[in-house]
Amino acid sequence: MEGYKKGVRPVQDWRRTTTVYIDVMVYAILGVDEKNQVLTTYIWYRQFWVDEFLTWDPKQFENVTQISIPTERIWVPDILINEFVDVGKSPDIPYVYVNHEGRVQNYKPIQVVTACSLNIYNFPFDQQNCSLTFTSWLHTIQDINVSLWRTPEEVKEDKSLFMNKGEWELLYVLSQYREFVENNDSFAEMKFHVVIKRRPLFYTVNLLLPSMFLMIMDIIGFYLPPDSGERVSFKITLLLGYSVFLIIVSDTLPATAIGTPLIGKMLLGVYFVVCMALLVISLTETIFIVRLVHKQDLQPHVPDWVKRLVLEKITVLLCIPDKKNTENIKDCERSVGVVLPTKESSIVVQSILHEISSIRHYLEKRDQCRDIAKEWLQVGYVLDILLFRIYLVIVLAYTITLATMWSYWQQV
């Protein structure tokens, strides 16, 4: 080290280029921040170069061919990662190895916090491609050039160090050398493309399964009679469940300023909106039918256009069997007849006949109200079956779409 100057590029001829050989091995994926478009990885970085000022004859030094010396005492190339956005918590390695031929080996683990364009459209079946570009910050290619330590095939297939038990799976690492010109100066860079794939099991269990359970419970709710008060409370409970689940889904799905996951659009934008709309319509229909049952004397007759549309066209369209009431109480009562009191009748008989007439009038009015209620109940049952069929179609389409997406992305 006598006379060594670490501020000077270590070549005997300044026209000779110093080549820095680079190697990267991915150890772990620490975090993927979709909102800020930041990837945090932990890599094992290796580089070596030849320092022509650090050579010796091993025979003169007891056959010592390799020593370790402090990094701060020798020249080190200014190789940086272009995508750096933050300083990671990397351990400080104060030494490098130097052999008698001047080969300097600098091994160090680095926590890399880099910017990455994350595409979350296929979440949670997404695949990300983030790059780590190593280049000299100041020196041109005439001074410092970069090259790959190992072959591209070895770099691509090497997963021996990767911690393969987290949310992300390392698929491969591609390497690419490139020369570029800036301000009439040529520079060299070595780019590593880290391709990772998300494991969707966690999000499948926490997003898709609860939504399917809500679907099943909503379908079961249609088997409760529409005129039952229990159905109202059941539907309101389901509506509360949808609202809570929407909050959970909104917090779970990654959010960016440039896009929304497709599954988020399906769950939030299409599926839940349609299901909640059907649920609200079904709840409104149930409330209306319950009111008909308990307030029979306040309802008008079903309009003719509603009868034609619901009881005729929709019934035929849905293949609902005709369940008309064959029993006509009014005709039976008319066939019996009532004898009017005569002048010779006594006051008691007249009073009895008056009471019988009042009872008959009351029964006729009650039967009329019941007939009106039966008409509305029949309309309600047909609409309920219509909503049920529409809901089944939506559930079937949703299930087929998810199964198709799952199969497609599993093959990609």
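This one's a predicted model, so the numbers in the text were calculated from it and none came from an experiment.

**What to know about the sheet that holds strand E4 (residues 79-81)**
The 4 strands lie next to each other as E4-E8-E11-E10, forming an open sheet whose pairing is antiparallel. At either end of the open sheet lies a strand with only one pairing partner, and these are E4 and strand E10 (168-182). In this sheet, adjacent strand axes meet at a mean angle of 20° when their direction is disregarded. Relative to strand E11 (residues 185-198), E10 runs antiparallel, the two being bridged by 14 bridges. Residue pairing in the sheet places Glu-179 in a bridge with Ala-188 of E11.

**Re the state of the cysteines**
In total, this model carries 1 disulfide according to the counting rule given. The disulfide bridge from Cys-116 ends at Cys-130, spanning 1.9 Å between sulfur atoms. Taking the torsion about the S-S bond as the criterion, the Cys-116 to Cys-130 disulfide, at about -85°, is left-handed. Of this pair, Cys-116 sits in the loop between strand E7 (103-115) and strand E8 (127-136) while Cys-130 is found in strand E8, placing the two residues 14 residues apart along the sequence. A residue is classified by how much of its surface remains accessible, and Cys-116, at 6% relative accessible area, is buried. Take Cys-130: its relative accessible area is 3%, and that puts it in the buried class.

**Describing the packing of aromatic side chains**
According to the stated counting rule, one finds 12 aromatic pairs in the structure shown. For the ring pair Phe-222 and Phe-388, a centre distance of 5.4 Å and an interplane angle of 55° mean the geometry is tilted. Residue Phe-222 is found in the loop between helix H2 (201-221) and helix H3 (229-252), and its partner Phe-388 is found in helix H7 (residues 347-411); the two are separated by 166 residues along the sequence. The buried category is assigned to Phe-388, whose relative accessible area is 15%. Through a chain of ring-to-ring contacts, three or more aromatic side chains come together here, namely Tyr-21, Phe-48, Tyr-107 and Trp-149. Across from the ring centre of Tyr-107, 5.6 Å away, lies the NZ or CZ of Arg-46, which sits over that ring.

**Things to note about the pattern of salt bridges**
Evaluation of the coordinates by the stated rule reveals 11 salt bridges. A salt bridge links Lys-235 to Asp-218, with the nearest nitrogen and oxygen atoms 3.1 Å apart. In this pair, Lys-235 sits in helix H3 while Asp-218 sits in helix H2, placing the two residues 17 residues apart along the sequence. Like Lys-235, the residue Asp-218 is buried in the burial classification. Connected via shared salt-bridge partners are Asp-23, Arg-46, Arg-150 and Asp-158.

**Some thoughts on the layout of surface pockets**
The computed volume of the second largest pocket comes to approximately 490 Å³. Of all the elements in the fold, those that place two or more residues in the lining of the second largest pocket are strand E2 (38-50), E4, strand E5 (84-87) and E7. Here the lining of the second largest pocket gets 5 residues from one element, more than from any other, and that element is E7. Looking at the lining of the second largest pocket, its residues break down into 14 nonpolar, 6 polar and 3 charged.

**A few points about the packing of H2 against H3**
Following both chains from N to C, one finds H2 and H3 inclined at 165°, their axes separated by 11 Å at the closest point. In terms of their interaxial angle, H2 and H3 are classed as roughly antiparallel. Our pair here, H2 against H3, has a crossing hand that is left-handed. Touching Tyr-203, Asn-206, Leu-207, Pro-210, Ser-211, Leu-214, Met-215, Met-217, Asp-218 and Gly-221 of H2 are Arg-231, Phe-234, Lys-235, Leu-238, Gly-241, Tyr-242, Phe-245, Val-249 and Thr-252, all from H3. The residue makeup of the contact of H2 with H3, split by class, is 11 nonpolar, 5 polar and 3 charged.

**Topic: the confidence of the model for the chain**
The share of residues in the chain with pLDDT of 70 or more is 84%, and the mean pLDDT across the chain is 81. The low-confidence segment residues 325-340 (pLDDT under 50) makes 10 contacts with residues lying over four places distant or belonging to another chain.

**A few points about the side chain of Glu-34**
Looking at the secondary structure, you find Glu-34 in the loop between strand E1 (18-33) and E2. Here the side chain of Glu-34 touches Arg-198 through a polar contact of 3.0 Å, side chain to side chain.

**Concerning empty space enclosed by the protein**
Any space left empty among the atoms is revealed by the rolling of a water-sized probe across them. Applying the stated criterion across every chain yields a total of 1 cavity of 30 Å³ or more. Estimates place the volume of the largest cavity at around 30 Å³. Lining the largest cavity, in full, are Met-25, Val-26, Asp-158, Lys-159, Ser-160, Leu-161 and Phe-162. Of the residues assigned to the lining of the largest cavity, the class counts are 4 nonpolar, 1 polar and 2 charged.

**A short note on H2**
Taking 1.5 Å per residue as the helical rise, H2 with its 21 residues ought to reach 30 Å, and the 29 Å between its terminal C-alpha atoms agrees with that figure. The axis of H2 is deflected most strongly, by about 25°, at Leu-208, and proline Pro-210 appears within four residues downstream. Every buried residue belonging to H2 is among Tyr-203, Thr-204, Leu-207, Leu-208, Ser-211, Leu-214, Met-215, Asp-218, Ile-219 and Gly-221, and all of these are buried.

**Notes on the nonpolar core**
One finds Ile-43, Phe-134 and Phe-192 to be the most contacted residues of the largest nonpolar core, which totals 42 residues. With 6 residues, E1 is the single largest residue contributor to this core. Excluding its chain neighbours within four sequence positions, the residues that come into contact with Ile-43 are Val-24, Met-25, Val-26, Tyr-27, Lys-108, Pro-109, Ile-110, Val-112, Leu-132 and Phe-134. Core analysis: the next-biggest nonpolar cluster, separate from the first, contains 25 residues, Tyr-203, Ile-219, Tyr-271 and Val-395 among them.

Conventions used here
- Residues numbered from 1 in each chain as written.
- Predicted model: local features only at pLDDT ≥ 70, side-chain atom pairs only at ≥ 80, totals over all residues.
- Heavy atoms only, no water.
- Pairing = 2+ DSSP bridges.
- Helix = DSSP H or I, 4+ residues; strand = E, 2+ residues; numbered from the N terminus.
- Axes fitted to C-alpha atoms, helices over the stretch in contact; angles between N-to-C directions.
- Disulfide = S-S within 2.5 Å.
- Buried < 20%, exposed > 50% of the residue type's maximum accessible area, 1.4 Å probe, protein only.
- Phe/Tyr/Trp six-rings, centres within 6.5 Å; stacked < 30°, edge-to-face > 60°.
- Lys NZ or Arg CZ within 6 Å of the ring centre and 35° of its normal.
- Salt bridge = Lys/Arg side-chain N within 4 Å of Asp/Glu carboxyl O.
- 1 Å grid on protein atoms, 1.4 Å probe; cavity = no way out; pocket = protein on both sides within 12 Å on 5 of 7 lines; lining within 4 Å.
- Points joined across faces, edges and corners; volume = space filled by probe spheres on them.
- Nonpolar A, V, L, I, M, F, W, Y, C, P; charged D, E, K, R; others polar.
- Parallel < 35°, antiparallel > 145°, perpendicular 65-115°, else oblique.
- Left-handed = near helix turned anticlockwise from the far one by under 90°.
- Contact = heavy atoms within 4.5 Å.
- pLDDT = per-residue confidence, 0-100.
- Polar contact = N/O pair within 3.5 Å; in protein donor to acceptor, adjacent residues only side chain to side chain.
- Expected span 1.5 Å × (residues − 1).
- Bend = angle between axes of the 7 residues up to and from the residue.
- Core = buried A, V, L, I, M, F, W, Y, C linked by side-chain atoms within 4.5 Å.

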